[in-house]
Amino acid sequence: YEPPSRDWTTWQGEDPGVPLLVMIEDADRLMTINPVRPVDAPTAKRLLEYVIAKDGPEAPRARRLLGEILIDDKLDPDAAVRGIAMLDKALDEGQVSAALVLAGVYEQGGPVQADLNRAEELYRRAIAGGSGRAALRVSRLYRSGAVASPEPEAAERYWKLGMTMEMSDIAAGLCNELQVIGAAYLDDFAVYRDAALARDWLEASVDSKTYRASQSASALARRYMTGDESPVDVPAAAVLLDFSSSRGNLQATHELGSMLIEGRGIPADIGRAAEVFDRGVLLDDGFSMLQRGRIARGDFGGTADTALALELFLRATKLPQPLPEAFVELGRMYAEGLGVPPDPKAAERYFDSAISLGDPASMMRLARAFRLGDGVTPDIRTAIRLYRQAAYLGRTDAVETLVDIYRCGLGIEPDTALAATWRDRAVAAGAPRFRRERS
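Values in this document were obtained by computation on a predicted structure and should not be read as measured data.

1. Here's the deal with the overall build of the chain
- Each helix and strand in the chain was counted, giving 23 helices and 0 strands.
- Once the C-alpha set of the chain is aligned to its principal axes, its extents read approximately 75 × 60 × 45 Å.
- Within the chain, the proportion of its 439 residues that are buried is 46%.
- Of the contacts formed within the chain by residues at least 6 apart in sequence, a portion of 47% connects residues at least 24 apart.
- Of the accessible surface of the chain, which amounts to about 21100 Å², a share of 52% is contributed by carbon and sulfur atoms.
- When the 53 basic and 65 acidic side-chain charges of the chain are each reduced to a single mean position, those positions are 4 Å apart.

Here it is, written out as structure tokens:
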């Protein structure tokens with residue numbers, strides 16, 4: 001990982017005194033997954049918008065990169081549509097690599113309606129620009145039957161073309177393509193699918209320590225953990241996940257940290273789990289903050305550091321997408337005075353914040369806590385209210401619990417009429433337990 005040439009976070013749009021190409025390269029670095037700082041899309045966008053506004057020869061490249069950033073914006077559909085328009089324009093301006101990205105959008109759909117014929121056309125343009133990946137994807141379209149093959153051997157011909165182009169890229173030193181070849185051999189629609197060859201290529205990718213090596217390590221780890229066309233080897237999987245996590249892969253961080261907490265296939269090691277989740281905290285990852293906070297609170301044993309737990313849970317509530325679970329954890333700390341003075345009003349505020357975010361899983365956790373008195377004062381009325389909210393958001397287990405509460409009088413007087421009402425809703429929701437009972 002190569003960091004940006006300077007800290008752009010405080011830049012206000014004045015003349016930066018550096019070439020525009022440096023700004024483009026720095027924007028690319030700000031978007032690169034790495035082990036030392038979070039991806040910074042807002043700053044990258046500001047740099048690229050500045051270059052585009054200058055309307056010089058660098059603008060098409062900046063437009064292509066900004067388009068790629070915008071189409072990945074899951075929070076703003078309008079941004080994704082704008083990104084597609086930018087990629088279209090960049091392609092018209094000679095940025096042939098934009099064709100591969102656009103083709104993927106039209107193949108998968110999302111910001112636009114899926115259009116596999118348009119995807120095929122764009123993949124062909126990318127092939128003309130030298131993309132072996134595009135040739136492999138055309139082969140897949142034909143092989144899967146998603147697009148009518150122009151002739152019987154077309155899938156095999158494009159597969160061979162793609163592999164030849166990928167090998168040429170590797171010979172030229174583009175070692176990221178090692179991962180592409182490994183993934184291609186694992187594709188269910190590969191012309192020559194070979195799990196053993198795929199493993200060899202992915203291992204070579206890991207050894208290369210290039211950008212995509214982290215993806216290769218993660219893919220190999222999953223196979224060693226599940227025994228999917230390879231021997232089960234959880235310790236080897238843990239080594240690969242550690243490599244991937246150390247290079248900024250958050251999925252690997254989550255998996256390895258959880259394995260170390262649970263002792264799943266490897267010895268439990270809470271101290272090591274804390275170190276792994278610290279990597280995610282460094283990258284402003286909410287799940288890592290939650291797990292590291294739970295470790296600091298002593299949930300899994302060891303010496304508690306409630307001040308650190310409180311700090312981490314608070315950070316998770318201030319993310320661009322606040323985590324409902326963080327509000328739940330804070331509410332429990334204030335409800336019971338875990339490292340903080342007991343404050344029922346603060347606890348109630350945090351619980352209400354979790355509920356207002358509309359996360360049914362958090363509602364279920366809170367409801368159970370109030371029903372059983374787990375970390376909070378038992379309150380069956382509050383539990384019922386939360387179960388009802390979760391039920392209206394589609395949680396079948398909430399509906400089933402309400403049936404049991406009203407039928408058996410769990411903390412309240414039994415109410416056969418309400419029990420029957422919720423049982424009917426459970427049947428309508430597909431709960432097999434009550435469907436059998438009704439029949």
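2. Examining the packing of helix α5 (residues 97–108) against helix α6 (residues 116–128)
- For the pair α5 and α6, interaxial distance at closest approach is 8 Å and the crossing angle is 165°. In terms of orientation, α5 lies roughly antiparallel with respect to α6. Once α5 is placed against α6, the crossing between them reads as left-handed. Facing Ala99, Leu100, Leu102, Ala103, Gly104, Tyr106 and Glu107 of α5, the residues of α6 in contact are Leu116, Arg118, Ala119, Leu122, Tyr123, Arg125 and Ala126.

3. Structural notes on the pattern of salt bridges
- Enumeration according to the criterion identifies 29 salt bridges in this entry.
- Residues Arg264 and Glu262 are paired through a salt bridge, measuring 2.8 Å at the closest nitrogen-oxygen approach.
- Note that Glu275 and Arg272 form a salt bridge whose closest N and O atoms lie 3.3 Å from each other. Placement of both Glu275 and Arg272 in helix α14 (residues 270–282) is noted, with a separation of 3 residues, approximately one turn of the helix.
- Taking relative accessible area as the criterion, Glu275 reaches 47% and is therefore assigned partly exposed.

4. Brief notes about the packing of aromatic side chains
- Counting across every chain of the model gives 10 aromatic pairs.
- A centroid spacing of 5.2 Å and a plane angle of 80° characterise the contact between Trp11 and Tyr50, whose relative ring orientation is edge-to-face. With Trp11 in the segment before α1 (20–30) and Tyr50 in helix α2 (residues 41–54), the pair connects residues that are 39 residues apart, well separated along the chain.
- Residue Trp11 is classed as buried on the basis of its relative accessible area of 3%.
- Among the aromatic side chains, those forming a connected cluster through ring pairs are Trp8, Trp11 and Tyr50.

5. Focus on the side chain of Ser218
- Within the fold, Ser218 resides in helix α11 (residues 213–226).
- In this structure, Ser218 is in contact with Leu241, Ser244, Asn249 and Ala252, ignoring residues within four places of it in sequence.

6. Regarding helix α10 (residues 195–208)
- Between its terminal C-alpha atoms α10 stretches 20 Å, which fits the 20 Å expected from 14 residues at 1.5 Å a residue.
- Listed as buried for α10 are Ala195, Ala198, Trp201, Leu202, Ser205 and Val206. Each buried residue of α10 sits inside an arc of 145° when the element is viewed along its axis, so together they form one side.
- Looking at the buried residues of α10, the elements they touch are α8 (154–171), α9 (177–186), α11 and α12 (234–246).
- Its side-chain oxygen 3.1 Å from the backbone nitrogen of Ala196, Asp194 forms the N-cap of α10.

7. A few points about the nonpolar core
- Within the largest apolar cluster, 66 residues are counted, with the highest numbers of intra-cluster contacts made by Tyr123 and Trp159.
- For Trp159, the contacting residues outside a window of four places in its chain are Leu136, Ser139, Ala184, Tyr185, Ala190, Val191 and Tyr192.
- Within the second largest apolar cluster, 51 residues are counted, among which are Phe313, Leu323, Met333 and Tyr406.

8. What to know about a nonpolar patch on the surface
- A contiguous nonpolar patch, built from Tyr1, Val36 and Leu282 and spanning about 290 Å² of accessible area, is present on the exposed surface.
- The residue Leu282 is located in helix α14 in this model.
- Since its relative accessible area comes to 46%, Leu282 is described here as partly exposed.

9. Notes on the side chain of Arg294
- Structurally, Arg294 is set in helix α15 (residues 286–297).
- Of the polar contacts made by the side chain of Arg294, one reaches the side chain of Glu329; its length is 2.9 Å.
- Once you skip the residues sitting within four places of it in the chain, Arg294 turns out to touch Asp299, Phe300, Phe313, Glu325 and Glu329.

10. Looking at the packing of helix α17 (residues 324–336) against helix α18 (residues 344–356)
- The geometry of α17 relative to α18 is characterised by a closest axis approach of 8 Å and an angle of 165° between their N-to-C directions. One finds that α17 runs roughly antiparallel with respect to α18. Crossing of α17 against α18: the hand is left-handed. From α17, Pro324, Phe327, Val328, Leu330, Gly331, Arg332, Tyr334 and Ala335 reach across to α18, where they touch Pro344, Ala346, Ala347, Tyr350, Phe351, Ser353 and Ala354.
- Looking at side-chain class alone, the contact of α17 with α18 contains 12 nonpolar, 2 polar and 1 charged residues.

11. As for unusual backbone geometry
- Here the phi dihedral of Glu229 falls at roughly 60°; this positive angle occurs in a residue that is not glycine.
- Mapping Glu229 onto the fold places it in the loop between α11 and α12.
- Unlike most non-glycine residues, Asp284 shows phi in positive territory, near 60°.
- In this structure, Asp284 sits in the loop between α14 and α15.

Rules behind the numbers
Residues numbered from 1 in each chain as written. Predicted model: local features only at pLDDT ≥ 70, side-chain atom pairs only at ≥ 80, totals over all residues. Heavy atoms only, no water. Helix = DSSP H or I, 4+ residues; strand = E, 2+ residues; numbered from the N terminus. Buried < 20%, exposed > 50% of the residue type's maximum accessible area, 1.4 Å probe, protein only. Contact = heavy atoms within 4.5 Å. Areas by Shrake-Rupley, 256 points an atom, 1.4 Å probe, with all protein chains shown as cover. Lys, Arg positive; Asp, Glu negative; His and termini not counted. Charge placed at Lys NZ, Arg CZ, Asp CG, Glu CD. Axes fitted to C-alpha atoms, helices over the stretch in contact; angles between N-to-C directions. Parallel < 35°, antiparallel > 145°, perpendicular 65-115°, else oblique. Left-handed = near helix turned anticlockwise from the far one by under 90°. Salt bridge = Lys/Arg side-chain N within 4 Å of Asp/Glu carboxyl O. Phe/Tyr/Trp six-rings, centres within 6.5 Å; stacked < 30°, edge-to-face > 60°. Expected span 1.5 Å × (residues − 1). Arc of directions from axis to C-beta. Polar contact = N/O pair within 3.5 Å; in protein donor to acceptor, adjacent residues only side chain to side chain. Core = buried A, V, L, I, M, F, W, Y, C linked by side-chain atoms within 4.5 Å. Patch = residues over 30% accessible without salt bridge, like charges linked within 9 Å, V, L, I, M, F, W, Y side chains within 5 Å. Nonpolar A, V, L, I, M, F, W, Y, C, P; charged D, E, K, R; others polar.

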